[in-house]
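As a plain string of letters, each chain reads:
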Amino acid sequence: MGYRIRRFAGVNASPVGSAAANATTFTVTGLIASTSYTFDVQALDAAGSVSAPSSQVMTTTSIGGSSSVNVALNRPVSAGSYTQSYVPGNAVDGNVNTYWESANSAFPQWLQVDLGSAIGVRRVVLTLPPAAAWVTRSQTVSVQGSADGVSFGLLLGSAAYTFDPSSGNTATLSLPAGTTTRHLRLVFTANTGWPAGQVAEFRVFGAA
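Residues numbered from 1 in each chain as written. Predicted model: local features only at pLDDT ≥ 70, side-chain atom pairs only at ≥ 80, totals over all residues. Heavy atoms only, no water.

1. Comments concerning the environment of V71
(1) Moving on: Among the secondary structure elements, V71 is positioned in the loop between β4 (57–60) and β5 (77–79).
(2) Moving on: For V71, a relative accessible area of 16% gives the class buried.
(3) Moving on: A C-alpha to C-alpha distance of 9.8 Å links V71 and V92, two positions 21 residues apart in sequence. (Helix = DSSP H or I, 4+ residues; strand = E, 2+ residues; numbered from the N terminus. Buried < 20%, exposed > 50% of the residue type's maximum accessible area, 1.4 Å probe, protein only.)

Given below as structure tokens:
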């Protein structure tokens, strides 16, 4: 016995998880900040029968980002350029084995994500593919933010970040406390391993 939790998209409801019969709370993950959602609950018995749904409950997520949820996952993304099949969408698809790569020998290059609304952000975690073929390299990156995707301001100055396959090929960029933005742009000006900007995963996290 237990409960099935459903989330609505228009008039259609899809299960987002289940809870034990004695549960009093349930956490839904993967939601977007400052967005309204509608849920209902169905009871399940030991024979697999399903009750009529409960009354619908509507809630709106808060403006702040999460310190543990990647708010850039599968969000709209764009870039100043890309080469071959290494498109911008590869950087937010949740797969570290696919990646974005800019045009060669044409710095500066940029990659940006639309978080959907202005939210608090604290960390940007960049990853390259963990394959042994990716030798250690350093990429020089700055971070910009924008409310409208047109006018950008500097959030974090340019610095070199090391990507080492022996430690996951990952670099963390810490933004100042109180940073709030909707559009987050990375600007690449150098790469010691290849003459282009490269990102397998562009992850964004809010403050704790």
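2. Things to note about the sheet that holds strand β14 (residues 201–205)
(1) Moving on: Taking strand neighbours across the sheet as the criterion, the 3 strands line up as β11-β8-β14 in an open arrangement whose pairing is antiparallel. Among the strands making up the open sheet, the edge pair consists of β11 (170–174) and β14. With strand direction ignored, the average angle separating the axes of adjacent strands in the sheet is 15°.
(2) Moving on: As paired strands, strand β8 (residues 123–127) and β11 are joined by 5 bridges and run antiparallel to one another. In the sheet register, V125 faces β11, and the bridge partner there is T172. (Pairing = 2+ DSSP bridges. Axes fitted to C-alpha atoms, helices over the stretch in contact; angles between N-to-C directions.)

3. Remarks on the pattern of salt bridges
(1) Moving on: Going through the model one piece at a time under the given rule, you end up with 2 salt bridges.
(2) Moving on: Across the pair R6 and D40 runs a salt bridge whose closest N-O atoms are separated by 2.8 Å. Of this pair, R6 sits in strand β1 (residues 2–9) while D40 sits in strand β3 (residues 36–44), placing them 34 residues apart in sequence. In terms of burial, R6 and D40 fall into one category: buried.
(3) Moving on: Across the pair R182 and D114 runs a salt bridge, and its minimum N-O distance is 2.7 Å. Of the two residues, R182 is situated in strand β12 (residues 180–191) and D114 in strand β7 (residues 109–120); the sequence distance between them amounts to 68 residues.
(4) Moving on: On the accessibility criterion, D114 (13% relative accessible area) is buried. (Salt bridge = Lys/Arg side-chain N within 4 Å of Asp/Glu carboxyl O.)

4. A short note on the pairing of strand β2 (residues 12–20)
(1) Moving on: Note that β1 and β2 share 8 bridges and pair antiparallel. By the bridge assignment, A9 is partnered in β2 with N12.
(2) Moving on: The hairpin turn running from β1 into β2, its antiparallel successor, is 2 residues long, and G10 in that turn takes a positive phi close to 70°.

5. Digging into the sheet that holds β3
(1) Moving on: Taking strand neighbours across the sheet as the criterion, the 4 strands line up as β2-β1-β3-β4 in an open arrangement whose pairing is antiparallel. The outermost strands of the open sheet, each flanked by one partner alone, are β2 and β4. Each adjacent strand pair in this sheet contributes to an overall mean axis angle of 30°, direction not counted.

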